[in-house]
Amino acid sequence: MKIQNLLIERFRHFGESITIELGDRLTVISGQNGTGKSSVLGWIAQLCKFDNELKQLNGNKFEADWGKIFRFCE
């Protein structure tokens with residue numbers, strides 16, 4: 001699977017709809033604190049799942065529960 005772009009519609013820090021184009025080999029995400037860099041990486045990470053035997057140093061698989069990455073407020 002190759003992700004070519006990411007469309008975000010009025011979510012968290014992003015008041016307007018925005019499309020982020022991803023590079024063929026490398027995409028650099030930079031910005032000041034609180035601008036949504038980690039949110040973008042979290043969305044991309046949730047699309048990827050490692051179904052092989054590789055594990056983190058603590059023995060857990062390379063995946064996380066959505067609720068542990070994103071917390072929504074009322």
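Keep in mind the model is a prediction, meaning the values are calculated, not measured.

*Asks:* Give me the overall build of the protein chain: which residues, what numbers.
*Replies:* When its secondary structure is counted, the protein chain shows two helices and two strands. Its helices and strands taken in sequence order, the protein chain reads β-β-α-α from the N to the C terminus. In the protein chain, of all internal contacts separated by at least 6 residues, the share reaching a separation of at least 24 is 31%. Carbon and sulfur atoms form 50% of the exposed surface of the protein chain, whose accessible area is close to 6500 Å².

*Asks:* Summarise the pairing of strand β1 (residues 5-8); cite the residues concerned and give the values.
*Replies:* Every second residue of β1 is oriented toward a common face, the buried set being L6 and I8 and the non-buried set N5 and L7. In terms of strand pairing, β1 meets strand β2 (residues 18-21) through four bridges, oriented antiparallel. For I8, the partnering residue across the bridge sits in β2 and is I18.

*Asks:* Explain the nonpolar core residue by residue, including any values.
*Replies:* L6, I8, F14, I20, L22, V40, W43 and I44 together form the largest nonpolar core, which totals eight residues. Looking at this core element by element, the count peaks at three residues for helix α1 (residues 37-47). Those residues in contact with V40, other than ones at most four positions away along the chain, are L6, I8, F14, I20 and I29.

*Asks:* How would you sum up the environment of F11? Please name residues and give values.
*Replies:* Of note, F11 is situated in the loop between β1 and β2. Among the residues examined, F11 registers a relative accessible area of 21% and is labelled partly exposed.

Reading guide: rules and limits
- Residues numbered from 1 in each chain as written.
- Predicted model: local features only at pLDDT ≥ 70, side-chain atom pairs only at ≥ 80, totals over all residues.
- Heavy atoms only, no water.
- Helix = DSSP H or I, 4+ residues; strand = E, 2+ residues; numbered from the N terminus.
- Contact = heavy atoms within 4.5 Å.
- Areas by Shrake-Rupley, 256 points an atom, 1.4 Å probe, with all protein chains shown as cover.
- Buried < 20%, exposed > 50% of the residue type's maximum accessible area, 1.4 Å probe, protein only.
- Pairing = 2+ DSSP bridges.
- Core = buried A, V, L, I, M, F, W, Y, C linked by side-chain atoms within 4.5 Å.

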